[in-house]
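Descriptive analysis of the structure
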Amino acid sequence: MTGTDLTTPVVAAAHGVRRAFGDHVVLDGVDLEIRRGEFVTLLGRSGSGKSTLLRIVGGLDQGAEGDVRTGTAPAVVFQDPRLLPWRRVLDNVALGLRGPDARARSTEVLDEVGLAGRERAWPRQLSGGQRQRVALARALVREPDLLLLDEPFSALDALTRISAQQLVRRLVDVHRPAVLMVTHDVEEALLLVDRVVLVDDGRIALDEEVGVRRPRRRDDPDLVRWRTRLLGLLGVADA
Amino acid sequence: MLRALRVASPLAVVALWQLASSLGVLDPSTLASPAQLARTAWELTRSGELPHAVAVSARRAALGFALGAAVAIAAGTVVGLSRVGDAVLDPLMQMLRMLPLFGLVPLFIIWFGIQEEPKIYLVALAVVVPLYLNLVAALRGVDRDLVEVARVLRLRRAEAVRHVYLPAVLPGVLVGLRQALGLAWITLIVAEQVNAGAGLGFLVNNARDFLLTDVIVVGLLCYAALGLVTDGVVRALEWRALRWRDGGETA
Ligand SMILES: Nc1ncnc2c1ncn2[C@@H]1O[C@H](COP(=O)(O)OP(=O)(O)OP(=O)(O)O)[C@@H](O)[C@H]1O
Ligand SMILES: [Mg+2]
């Protein structure tokens, strides 16, 4: 289990953050800290401001008010893959990487996301899920200290999804970046992460460690209780 | 089959034309026969007259194009990337666009004389506008999400230009390039008709005075060939640069 406590350095922080688009206030008075090696998930209804908060933490939103500190080497996987359509898969992953082994490392990470052999493909020749995995590889290969993932697995089938989740989990355990991941899948979040943050009505409605022991099982009673609670907070009846 | 038909119809026209000339239906002072054209082209080439004329005209086109393209790229980049640049430069470029290009010929002769300059500047002017307009539109249309990616990946300015901006504006620029080249040749032809002491226009003008329709047509064919060559170059560039759009076989 990843140990984070108050002595672990804070990688990214937001204090008293407010963000409005015109009259529409999306976030108001949001506080959030993420520490090294910590895997945090961001939950909330559609339109609640998850992507907005993620962008703010990544230092990508000039329009936000409040104190924001982002990582020294943040990497972002956006909700859409955002590959350069005119660069081949490998070149997309290696984009801006320095060092003589940049391409070798990129090839390796592509292999890890299950795309070995597709290095020379153009993005438009890939499926939606494959493109998202390229975007994931592009972020992972940078060995970021802050990894921001906006629904990175949403376009993946069940099997690829599990291997991609494990890949990210492994990366967190090895390189220990701080991770903030937006997802709609409460169960996925509970299986993977150390801490749950829930955004509602412009505020942080919940921010708690998931103290369930690992390896986690879907039918662990603690996990089931967590699930029921979160779904209740999200206003979804537990199936 | 269809391919054969494509070649067949022009050949048929040439054959008919030759037939009309041979039977005396077509007077050589109206239009020389294809066979005569071939002979004339050969003789003009052997004497060195035609290659020299082509070289002079091609040089004018190239210099004018280079000058116009340089101005268009500089102005287009500033206007497309900076609001201040847009406010300052764009009105000027729009004025340029409204100028009656061929109406400027007499003025250019007064200003720049009858040597090379007026022709080169006229071609440059013809090139500037389409290239500029297309470049500005393309720069404004660059996907902001991809620009953000460049920022997130901490690309250096040169890298962002090379990997994001250039490929993004290339399709638009190539469209502008083709329009510009087409206009460049037309402009050169007009400019050379008005006044020239050398080049294809000079050749054609001289021939007119002696009713040498064969030389006139050979001159026109040379213009056409030059236009085809430059168009072919742009096509090749297009094919090379836009492979990612239709790629299917290489992966
Ligand atoms: N650039 C923008 N301009 C105006 N409004 C915006 C902009 N970006 C986001 N919003 C608004 O802010 C709100 C939150 O958007 P955001 O994308 O953060 O939601 P989200 O929680 O990520 O939703 P989803 O789960 O559907 O992705 C929405 O109401 C959206 O309309
Ligand atoms: Mg979102």
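Worth saying up front: this structure is predicted, and the values here are computed from it rather than measured.

**What to know about the overall build of chain B**
Check the secondary structure of chain B and you find 11 helices and 0 strands. When its helices and strands are written in sequence order, chain B yields α-α-α-α-α-α-α-α-α-α-α. Compactness check: chain B gives a C-alpha radius of gyration of 23 Å against a globular reference of 18 Å for 251 residues, more than 25% above the reference. Each of the three principal axes of chain B carries a C-alpha extent, and together these read 75 × 55 × 30 Å.

**Observations concerning the sheet that holds strand β8 (residues 195–200) of chain A**
Residues and elements named next belong to chain A. Pairing is mixed in the open sheet, where 6 strands are placed in the order β5-β6-β7-β3-β8-β9. Two strands in the sheet have a free side with no partner beyond their single neighbour: β5 (74–77) and β9 (203–209). For this sheet the average axis-to-axis angle between neighbouring strands, irrespective of direction, equals 15°. As paired elements, strand β6 (residues 146–150) and strand β7 (residues 178–182) share 5 bridges and run parallel to each other. If you follow L146 over to β7, its bridge partner there is A178. Here helix α7 (residues 221–233) sits on the sheet and contacts β3 (39–43), β8 and β9; the angle it forms with β9, its principal contact strand, is near 175°.

**Description of the pattern of salt bridges**
All chains considered together, the criterion is met by 34 salt bridges over all chains. Among the salt bridges present, the one from A:D220 reaches A:R213, with a minimum N-O distance of 3.7 Å. Owing to a relative accessible area of 10%, A:D220 belongs among the buried residues under this scheme. Of the charged contacts, one joins B:D86 and B:R140 as a salt bridge, the two residues approaching to 3.1 Å between their closest N and O atoms. With B:D86 in helix α4 (residues 83–98) and B:R140 in helix α6 (residues 116–140), the pair connects residues that are 54 residues apart, well separated along the chain. Assessed through its relative accessible area of 24%, B:D86 is described here as partly exposed.

**As for the sheet that holds strand β1 (residues 10–21) of chain A**
Residues and elements named next belong to chain A. Sheet architecture is open: 3 strands sit in the order β2-β1-β4, paired in antiparallel fashion. Looking at the sheet topology across the chains shown, the edges are occupied by β2 (24–35) and β4 (65–69). This sheet shows a mean twist of 15° between the axes of neighbouring strands, independent of strand direction. Judged from the 9 bridges that link them, β1 and β2 form a sheet pairing that is antiparallel. Paired with R19 across the bridge in β2 is L27.

**Points about the interface of chain B and chain A**
Taken together, the contact between chain B and chain A spans 24 residues of the former and 28 residues of the latter. Carbon and sulfur atoms make up 56% of the surface buried where chain B meets chain A, a total of about 2,300 Å² over both sides. In terms of surface lost to chain A, no three residues of chain B exceed B:V152, B:L153 and B:W244, which account for 26% of the buried area on that side. The interface formed by chain B and chain A includes 4 salt bridges. One salt bridge connects A:R82 with B:E148, and the closest N-O pair in it is separated by 2.7 Å.

**Side note on the pairing of β8(A)**
One face of the sheet, then the other: side chains in a regular strand alternate in exactly this way. Residues and elements named next belong to chain A. Counting buried residues in β8 gives 5 out of 6 residues, a clear majority hidden from the surface. Where β3 meets β8, 4 bridges bridge the pair, whose relative direction is parallel. Each residue of the ladder has a partner; that of L43, found in β8, is L198. In terms of strand pairing, β8 meets β9 through 6 bridges, oriented antiparallel. Its bridge partner lying in β9, L198 is registered against L206. From the end of β8 to the start of β9, which pair antiparallel, there are 2 residues, and D201 there has a positive phi angle of about 55°.

**Digging into the domain arrangement of chain A**
All names here are of chain A. By the assigned domains, chain A splits into domain 1 (1–73 + 154–239) and domain 2 (83–143). Domain 1 puts 10 residues into the contact, and the matching count from domain 2 is 9 residues. Across the domain 1 to domain 2 interface the summed buried area is about 790 Å²; carbon plus sulfur atoms make up 70%. When the buried surface of domain 1 facing domain 2 is broken down by residue, L156, L167 and L171 rank first, second and third, together holding 44% of it. Where domain 1 touches domain 2, the interface holds 1 salt bridge.

**Observations regarding the packing of helix α1 (residues 2–22) of chain B against helix α2 (residues 34–46) of chain B**
Residues and elements named next belong to chain B. Taken N-terminus to C-terminus, the directions of α1 and α2 make an angle of 95°; their axes are 8 Å apart at the nearest point. The angle between α1 and α2 places the two elements in the roughly perpendicular class. Within the contact between the two elements, α1 uses V14, W17, Q18 and S21 and α2 uses P34, A35 and L37. Of the residues contributing to the contact of α1 with α2, the split by class is 5 nonpolar, 2 polar and no charged.

**Focus on the coordination of the magnesium ion (ligand 2)**
Residue and element names in this part refer to chain A. Surrounding the magnesium ion (ligand 2) are the protein donor atoms S51 (OG) and Q79 (OE1), which sit 2.0 to 2.4 Å from the metal. Of the two residues, S51 sits in helix α1 (residues 50–57) while Q79 sits in the loop between β5 and α2 (89–94), which places them 28 residues apart along the sequence. Note on Q79: relative accessible area 41%, which makes it partly exposed.

Rules used throughout
Residues numbered from 1 in each chain as written. Chains lettered and ligands numbered in written order. Predicted model: local features only at pLDDT ≥ 70, side-chain atom pairs only at ≥ 80, totals over all residues. Heavy atoms only, no water. Helix = DSSP H or I, 4+ residues; strand = E, 2+ residues; numbered from the N terminus. Rg over C-alpha atoms; globule rule 2.2 N^0.38 Å. Pairing = 2+ DSSP bridges. Axes fitted to C-alpha atoms, helices over the stretch in contact; angles between N-to-C directions. Contact = heavy atoms within 4.5 Å. Salt bridge = Lys/Arg side-chain N within 4 Å of Asp/Glu carboxyl O. Buried < 20%, exposed > 50% of the residue type's maximum accessible area, 1.4 Å probe, protein only. Buried area = accessible area lost by both parts, 1.4 Å probe. Domains from an automatic or database assignment. Parallel < 35°, antiparallel > 145°, perpendicular 65-115°, else oblique. Nonpolar A, V, L, I, M, F, W, Y, C, P; charged D, E, K, R; others polar. Donors = N, O, S within 2.8 Å, 3.2 Å for Na, K, Ca; no water.

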